[in-house]
Amino acid sequence: MSQRITFTLAATDGRARTGTISTPRGEIRTPAFMPVGTAGTVKAMLPESVRATGADILLGNTYHLMLRPTAERIARLGGLHRFMNWERPILTDSGGFQVMSLASLRKMSEEGVTFSSHIDGSKHKLTPERSMEIQRLLGSDIVMAFDECPALPATEAEVAASMRLSMRWAQRSRDAFGDRPGHALFGIMQGGVTKDLRAESAEALNAIGFDGYAVGGLAVGEGQEAMFGVLDYAPGFLPEDRPRYLMGVGKPDDIVGAVERGIDMMDCVLPSRSGRTGQAWTRRGQVNIKNARHMDDPRPLDEHCSCPACRSYSRAYLHHVFRAGEMISGMLLTWHNLHYFQELMQGLREAIAAGRLAEFVRDFHALRAEGDI
Ligand SMILES: CNc1nc2c(CCc3ccc(C(F)(F)F)cc3)c3[nH]c(N)nc(=O)c3cc2[nH]1
Ligand SMILES: [Zn+2]
């Protein structure tokens, strides 16, 4: 692929931006929400259904795919796009975060991390170089640098040491990635909730130079107020002509607040994971479909929603299939949630382009009742 990945800003409104990331496999409209496709599938969804919700890009993962079915097998079978039948852009995480949250018997060193698979206990090693090799074998379009996301609670000294390790790993990731036209490497800013550490991390990443920059180390239990506190300054430490990706975020109101603060890309398991637990997200708040009060309700989840669940099924039906443990329950609620998240992103993109983001945000909060609706 000769074409390089480029980011074009179309409009700004305050600190918010809207634009397009052009890749050989297609365009990504920003601000973008990226559905999580952990082990090569967005759970309970066919790829064409994920596309129908409006997704331009989805996420895959080094950790899960290196364990099963292995990156080498996927490469032999033509790469992850072919393997999972998604020909549009794929971003893969570098694996470190998942090792810390999923694997057992982990051993950290300057070199990288060794761990035992949570699937079969087999021993594995991840280093910046190995992570770059895996993401190349998968064929992902946007590759994440190998980093360490410190677990909370952590002292400032621990956060500083971890961030500096991640910056050394960022350099090694950059060196190992090489020059791959048509593919992008994103650096990941660390530094916890400490402004000086965040500034030091951004300075290190800017000096190395990346195609895009992620704000890492957030959405790990610090709470929305602390997260927004970091986002009040951290995106501004990053080059404004490159995409900014906030990892692991979030609930609809987290997404709105992050976009207001200059974030262009986000990912979260929430719409799919909560869909499988009967939790529907709507413009007026959350609907907990397992609540008995929906048992006789002929209305759709959201009468304004054009998704298959809202077009053709009642709350009573969704309540029934959830209670009965029928697979269609997870399918319909996941589809609805992903559709709602993409509709929220479209609304944000249009509002920024029209210079009326403040009005959009006001309406967004005004409509959202507390609790179950
Ligand atoms: C939920 N909170 C959160 N998630 C975070 C993630 C994971 C993001 C991710 C990527 C791919 C997938 C896949 F399942 F689709 F593959 C799933 C999740 C982080 N990832 C890295 N590298 N550094 C961070 O500092 C970091 C901070 C994170 N806070
Ligand atoms: Zn719907």
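Everything discussed here concerns the structure shown above.
Here the structure is a predicted model, which is why all the values come from computation and not from measurement.

> Mind showing me how you'd approach the sheet that holds strand β3 (residues 26–30) here?
Strand order across the open sheet formed by three strands is β1-β2-β3, with antiparallel pairing between neighbours. The sheet is open, and its two borders are formed by β1 (6–13) and β3, each paired with just one other strand. In this sheet, neighbouring strand axes are inclined to one another by 15° on average, regardless of whether the strands run parallel or antiparallel. Across five bridges, the pairing between strand β2 (residues 16–23) and β3 is antiparallel. Across the sheet, the residue bridging to Thr-23 is Gly-26, located in β3.

> Is there a simple way to think about the site of ligand 1 in this case?
Residues in close proximity to ligand 1 total 22 residues, the closest being Asp-93, Asp-147, Gly-217, Leu-218 and Ala-219. Note that a nitrogen atom of ligand 1 is positioned 2.7 Å from one of the side-chain N or O atoms of Asp-147. With respect to ligand 1, the backbone of Leu-218 contributes an N or O atom lying 2.7 Å from a nitrogen atom. If ligand 1 stood free it would expose 600 Å²; the protein chains cover 90% of that surface. For the shell around ligand 1, the secondary structure elements donating two or more residues are β5 (58–61) and α5 (96–102).

> Could you clarify how one ought to interpret helix α9 (residues 224–231) in this entry?
The α-helix winds at 3.6 residues per turn, so residues separated by three or four positions along the chain end up facing the same way. Those residues of α9 that fall on the buried side of the exposure criterion are Met-227, Phe-228, Val-230 and Leu-231. Within α9, the buried residues cover an arc of 155° as seen down the axis, which keeps them to one side. Along its buried surface, α9 packs onto α8 (195–208), β12 (212–215), β13 (244–246) and α10 (252–260).

> So what exactly am I meant to see when it comes to the coordination of the zinc ion (ligand 2) here?
Six octahedral donors around a metal ideally sit at 90 or 180 degrees from one another, while four tetrahedral donors ideally sit at 109.5 degrees. Protein coordination at the zinc ion (ligand 2): the donors are Cys-305 (SG), Cys-307 (SG), Cys-310 (SG) and His-336 (ND1), at 2.1 to 2.3 Å from the metal. In this structure, the zinc ion (ligand 2) is coordinated by four donor atoms arranged in tetrahedral fashion, with angles at the metal of 103 to 112°. As a motif over one chain, the donors of the zinc ion (ligand 2) read C-x1-C-x2-C-x25-H. With Cys-305 in the loop between β16 (285–288) and α12 (308–312) and His-336 in helix α14 (residues 327–353), this pair connects stretches of sequence that are 31 residues apart. Cys-305 gets classed as buried once you look at its relative accessible area, which sits at 7%.

Conventions adopted
- Once a new chain begins, its residue numbering starts again from 1 and follows that chain's sequence as written.
- Written order determines the labels here, with chains lettered from A and ligands numbered from 1.
- With pLDDT at 70 or above as the cut-off, local features in this predicted model cover only qualifying residues; side-chain atom pairs require 80 or more to be listed or tallied, and sums for whole chains, interfaces and linings still use all residues.
- Side-chain numbers come from the whole structure's heavy atoms, not from hydrogens or water.
- A strand pair is defined by DSSP finding two or more bridges across the two strands.
- Helix numbering and strand numbering both begin at the N terminus, where a helix is a DSSP run of H or I of at least 4 residues and a strand a DSSP run of E of at least 2.
- Axis definition: a line fitted to C-alpha atoms, over the contacting stretch in the case of helices. Angles run 0 to 180 degrees between N-to-C directions.
- One heavy atom within 4 Å of a molecule or strand is enough for the residue carrying it to be called near that molecule or strand.
- Each polar contact in these results corresponds to two N or O atoms within 3.5 Å; when the atoms are within protein, one needs to be able to donate a hydrogen and the other to accept it, and residues that are neighboring in sequence are counted only if both atoms are side-chain atoms.
- Throughout, the Shrake-Rupley method with a 1.4 Å probe supplies accessible areas, and for residues the shown protein chains are the sole cover considered.
- Relative accessibility decides the category of a residue: with a 1.4 Å probe and only protein chains considered, values under 20% of the type maximum give buried, values over 50% give exposed, and everything between is partly exposed.
- Comment: arc refers to directions from the helix axis out to C-beta atoms.
- Any two residues having at least one pair of non-hydrogen atoms within 4.5 Å are treated as being in contact.
- Counted as donors are N, O and S atoms no farther than 2.8 Å from the metal, or 3.2 Å for Na, K and Ca; water is not among the atoms, and sites may therefore look incomplete.
- Only four donors with every angle between 85 and 135 degrees are called tetrahedral; only four or six donors with opposite donors over 155 degrees apart and all others between 65 and 115 are called square planar or octahedral, in that order; all others are irregular.

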